[in-house]
Amino acid sequence: MQYISASPQDTAALGECMGRCLKGGTIICLQGDLGAGKTILTQGIARGLKIEGAITSPTFTIMNVHSGAYELYHFDLYRLEWEEQLEDVGFDEYIAGDGISIIEWSDKFPGRMPETALWLNIVVLDEE
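What you are looking at is a predicted structure, and each value in this text was computed from that prediction instead of being measured.

Peer 1: Which residues make up the layout of surface pockets, and what values go with them?
Peer 2: Quantified by volume, the largest pocket comes out at close to 1,000 Å³. Forming the boundary of the largest pocket are 27 residues, of which Tyr3, Ser5, Thr11, Ile122 and Val123 lie nearest the centre. Secondary structure elements with two or more residues in the lining of the largest pocket: helix 1 (8-21), helix 2 (38-48) and strand 5 (118-122). Residue contributions to the lining of the largest pocket peak at 5 residues, all from strand 5. Of the residues belonging to the lining of the largest pocket, the class tally is 17 nonpolar, 7 polar and 3 charged. Around the second largest pocket, the lining is made up of 13 residues, and of these Leu34, Gly35, Lys38, Thr39 and Glu104 lie nearest the centre. Ranked by residue count, the leading element in the lining of the second largest pocket is helix 2, at 3 residues. For the lining of the second largest pocket, the residue count by class is 5 nonpolar, 5 polar and 3 charged.

Peer 1: Which residues make up the sheet that holds strand 3 (residues 72-76), and what values go with them?
Peer 2: Read from one edge to the other, the open sheet built from 5 strands follows the order 2-3-4-1-5, with strand pairing classed as mixed. On the outer flanks of this sheet lie strand 2 (63-66) and strand 5, each paired with one strand and no other. Strand-to-strand, the axes of this sheet are offset by a mean angle of 15 degrees, without reference to chain direction. Helix 2 contacts strand 1 (27-32), strand 3, strand 4 (100-104) and strand 5 of the sheet and is inclined by roughly 155 degrees relative to strand 1.

Peer 1: Lay out the pattern of salt bridges in plain terms, naming residues and giving numbers.
Peer 2: In the structure shown here, the tally under the stated rule is 4 salt bridges. Put simply, Arg20 and Glu16 hold a salt bridge, and the shortest N to O gap is 3.1 Å. Of the two residues, Arg20 and Glu16 both sit in helix 1, 4 residues apart, roughly one turn of that helix. In this structure, Glu16 and Arg47 form a salt bridge, with 3.1 Å as the shortest nitrogen-oxygen distance. Of the two residues, Glu16 is situated in helix 1 and Arg47 in helix 2; the sequence distance between them amounts to 31 residues. On the basis of relative accessibility, which here comes to 41%, the residue Arg47 falls in the partly exposed class. Counted as one network, the salt bridges with shared partners bring together Glu16, Arg20 and Arg47.

How each quantity is defined
- Residues numbered from 1 in each chain as written.
- Predicted model: local features only at pLDDT ≥ 70, side-chain atom pairs only at ≥ 80, totals over all residues.
- Heavy atoms only, no water.
- 1 Å grid on protein atoms, 1.4 Å probe; cavity = no way out; pocket = protein on both sides within 12 Å on 5 of 7 lines; lining within 4 Å.
- Points joined across faces, edges and corners; volume = space filled by probe spheres on them.
- Helix = DSSP H or I, 4+ residues; strand = E, 2+ residues; numbered from the N terminus.
- Nonpolar A, V, L, I, M, F, W, Y, C, P; charged D, E, K, R; others polar.
- Pairing = 2+ DSSP bridges.
- Axes fitted to C-alpha atoms, helices over the stretch in contact; angles between N-to-C directions.
- Contact = heavy atoms within 4.5 Å.
- Salt bridge = Lys/Arg side-chain N within 4 Å of Asp/Glu carboxyl O.
- Buried < 20%, exposed > 50% of the residue type's maximum accessible area, 1.4 Å probe, protein only.

Next comes the structure, spelled out in structure tokens:
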């Protein structure tokens, strides 16, 4: 399936629609270059899950937890260098739970992602 977003607002609206449809235990793996819109999509999903407050990329903390209709576990694996570092943040325990897991830069450790995960690749088609 392919979706072409015309703007960051369009990407957030897509995420919000997705967030309203997600069920507990869903795992979303996001791929895309820096600035492609992974966090914007996540912000929209959070809105769809009735999560209030700022949603920022957990680049330095690796994982943020947000509460709403479901717990949202927002991972950013960009700064991790070794697969073993996932254990330091309790990765397996979180993704095995009833919350919604969104994993930015999941393509760094594809072997650790569950087979049931939904993979989304975000590509910038035009810089404008």
